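Notes for the structure review
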Amino acid sequence: MATDIIIHDKKDNVGVVVIEKITPKQDCSCWVMEDDSTVNIQSSDEIPLGHKIAMIDLNEGDTILKYGHDIGKVVKSIKKR
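Conventions adopted
Residues numbered from 1 in each chain as written. Predicted model: local features only at pLDDT ≥ 70, side-chain atom pairs only at ≥ 80, totals over all residues. Heavy atoms only, no water. Pairing = 2+ DSSP bridges. Helix = DSSP H or I, 4+ residues; strand = E, 2+ residues; numbered from the N terminus. Axes fitted to C-alpha atoms, helices over the stretch in contact; angles between N-to-C directions.

1. A few points about the sheet that holds strand E7 (residues 52-54)
Within the open sheet, the 5 strands sit side by side as E5-E4-E1-E2-E7. Their pairing is mixed. Edge strands, defined here as strands with exactly one partner in the open sheet, are strand E5 (37-42) and E7. Here the average twist between neighbouring strands, direction ignored, is 35°. Pairing of strand E1 (residues 5-7) with strand E2 (residues 14-17), which is carried by 2 bridges, proceeds in the antiparallel orientation.

2. Let's talk about the environment of Ile78
Within the secondary structure layout, Ile78 lies in the segment after strand E9 (69-73). The spatial distance from the C-alpha of Ile78 to the C-alpha of Ile19 is 21 Å, given a sequence separation of 59 residues.

3. Quick notes on the pairing of E9
Direction of pairing for strand E8 (residues 63-66) relative to E9: antiparallel, over a ladder of 4 bridges. Note on E9: the bridge partner recorded for Thr63 is Lys73. Here E8 folds back onto E9, and the loop between the two strands holds 2 residues, one of which, Tyr67, carries a positive phi near 60°.

Here is the structure:
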């Protein structure tokens, strides 16, 4: 299965879509760069190339982690995938 989403660090709570788009209910392969592992998920919504996908439920005020670092705060709750 080709990679649909890249997760940079095992601590990340978001991944980045690396295909043209992810469609609702799509089975996705996620490559974790840090340890070369793979995680499989099913999407809930359509997500275009380059956009982030939540790997866990995120609540208002939570820290978004990408590259293993804080890249911002959640301003509105986000359901995973």
